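Spelled out from the first residue to the last, the chains are:
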Amino acid sequence: MFSYCADPSLLSGMSWLSCYLTTGKHAAFYVSFGTVLLLLAITAPAALAFGFAGASAARSRVWPVNWIGKGYIAVVRGVPDIAFFLFFVIALDQMFEWARHKVKCPDWDQPIRQGNDFVVCQAAKLPLGESPQWVHEAYGFSLAVLTFAIVFGAFAANVLFGAMRAVPRAQLETAEAYGMSRRQTFWRILVPQMWVFALPGLSNLWMVLIKATPLLFLLGVEDIVYWARELGGTANPRFTEYPHGDWRMWYFFVLLVFYLGFTKFSEFFLERLMQKLTHGQATTGGEAQRKADA
Amino acid sequence: MKKLVLATSALALSASMAMAMDVVRLGTEGAYPPWNFINDAGEVDGFERELGDELCKRAELTCEWVTNEWDSIIPNLVSGNYDAIIAGMSITDERDEVIDFTQNYTQPDPSSYLAMSADADVTGGVVAAQAGTIQASHIASSGATLVEFATPEETIAAVRNGEADAVLADKSYLNPIAAEDDSLMLLEQDELLGGGVGMGVRESDGELKAKFDAAIQSMKDDGSLNDLITKWEIGETF
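Residues numbered from 1 in each chain as written. Chains lettered and ligands numbered in written order. Predicted model: local features only at pLDDT ≥ 70, side-chain atom pairs only at ≥ 80, totals over all residues.

Peer 1: What exactly am I supposed to notice about the confidence of the model for chain B here?
Peer 2: Do not read the predicted coordinates in detail wherever pLDDT is low. All names here are of chain B. Here chain B averages 85 in pLDDT, while 91% of its residues score no lower than 70. Predicted confidence is poor over residues 4-21, with pLDDT under 50, and the contacts of this stretch with residues over four places away or in other chains come to four contacts. At the level of chain-chain contacts, confidence expressed as ipTM amounts to 0.75, with global pTM at 0.79. (pLDDT = per-residue confidence, 0-100. Contact = placed C-beta atoms within 7 Å.)

Peer 1: Help me out: how do you make sense of the domain arrangement of chain B in this one?
Peer 2: Often, the extent of an interface is quoted as the loss of accessible area on bringing the components together. Residue and element names in this part refer to chain B. Per the domain assignment, the segments making up chain B are domain 1 (16-107 + 196-232) and domain 2 (111-191). On a C-alpha basis, the centroid separation for the pair domain 1 and domain 2 is 26 Å. With ten residues of domain 1 in contact, the opposing surface of domain 2 contributes twelve residues. Within the side of domain 1 that touches domain 2, the residues separate by chemical class into six nonpolar, three polar and one charged. (Domains from an automatic or database assignment. Nonpolar A, V, L, I, M, F, W, Y, C, P; charged D, E, K, R; others polar.)

Peer 1: It is not clear to me how the interface of chain B and chain A should be interpreted in this structure. Could you clarify?
Peer 2: Taken residue by residue, the interface counts 30 residues in chain B and 32 residues in chain A. Contributing elements (two or more residues each) for the side of chain B that touches chain A: strand 3 (36-38), helix 3 (73-78), helix 6 (152-160) and helix 7 (171-180) of chain B. Here the side of chain B that touches chain A is built from residues that sort into 16 nonpolar, seven polar and seven charged. (Helix = DSSP H or I, 4+ residues; strand = E, 2+ residues; numbered from the N terminus.)

Peer 1: When you look at the environment of Ala 282 of chain A in this model, what are you seeing that I'm missing?
Peer 2: Residues and elements named next belong to chain A. Mapped onto the fold, Ala 282 is located in the loop between helix 9 (248-278) and helix 10 (284-293). The spacing of Ala 282 and Gly 201 is 81 residues in sequence and 19 Å in space, taken between C-alpha atoms. Sequence-distant contacts of Ala 282, defined by excluding residues within four places in its chain, comprise Pro 168 and Gln 171.

The structure is reproduced here in structure tokens:
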């Protein structure tokens, strides 16, 4: 990076550190912070959408929809995350490729499953074998987002399902008395009021999601914990220009600060959101706000 | 002039597409120097990087490097996330049931014990190894207590902090560590495990296996494989 970095063995102190912290390997470490933040930014709304769909399905009076909703919540919540990540992502990837294979290569005569191998024609590969590395990475990343969204969506569905039931019955009955249909009651009365009951549970989920991102490496996405471990491990002078001992403690300390700072920031933001949602609600919090204003 | 630029860029594009048709993705661990590791620039480096690049050149393939955790390196090969494993993987019968190996590109490398003191008890004590390695299965079948770790780095750390009496790993991996750290030493006793290191490919991928086999053979024949082995201090030459 800097011109004086040509021979790091001659450097010491701050100039050594400035060179050390600007190596390509460290750049990858810094980029991985962006990866994690991007994952959170996409996964959180996606999981919420899955959760909302799941909760709505679980409330449905049509029994197949109801079963799907309840089944989704029960199964995904019950399976350990790590098993889900290892098994499900590979299965999901194979399902996509299998579907594409059926469409694109109808004349293929060999079996798709050959012992342990999963073999589809070249045109069905996802991403295509000839695509550049970044396509593979983007594909892996979107699989990760989808898996996270499904897992956390199930928990969010359960939270939202409970929140929907926590909305005072009187509110819904009043809506019916005004002649609103079930659909109108759901969208105009139930949904706007449920968030205040859902938020404590959802904020918990958000905190868990922030800390669950190291699971990314199971999916081949190099996240901050992977790089911290990689950079912090003993650097043998034969294989690097910047030898050092076991510095993992320092790298993990940086992660600690990052995660604590991030959760603190989230808490601050969620607190503000809670105050906003409480406004005018038929809860003790809303009542307290009303009295304070009066 | 504009047309010329367009034409050349179209040409360059189609050329790069034609070249990219035969991309073979090589999966490695990136945490096992001198075999494979991530260098200061954040790229895969080491004996297997140089070997893999040379093999791909000889087999006229375009290769790309992918890193993957050791634990899931075989499942990801089998499901097609990359096309070959080149990660210091010894050829064993158990692995051979799941995947295919090319011919070996190193001699069977003796495994050794690294410990804090020369009288460490490796038959009755606690011995660390990386999970899913031939060393781990060897300790499991001996009398010692096995502690497994996901990465090689953690097995060394376990010896440094006293959690394990010794670590069993490839000698070529432990040698540079022992040389740079005065508190650690290699024990006299070696274990001969495995049948050399080869590249892993899917069982259904006979064509790729044949290409790499031929490339490895040509490197063995002209001695360039031996040069690489000597350069990276991997062990015995052919």
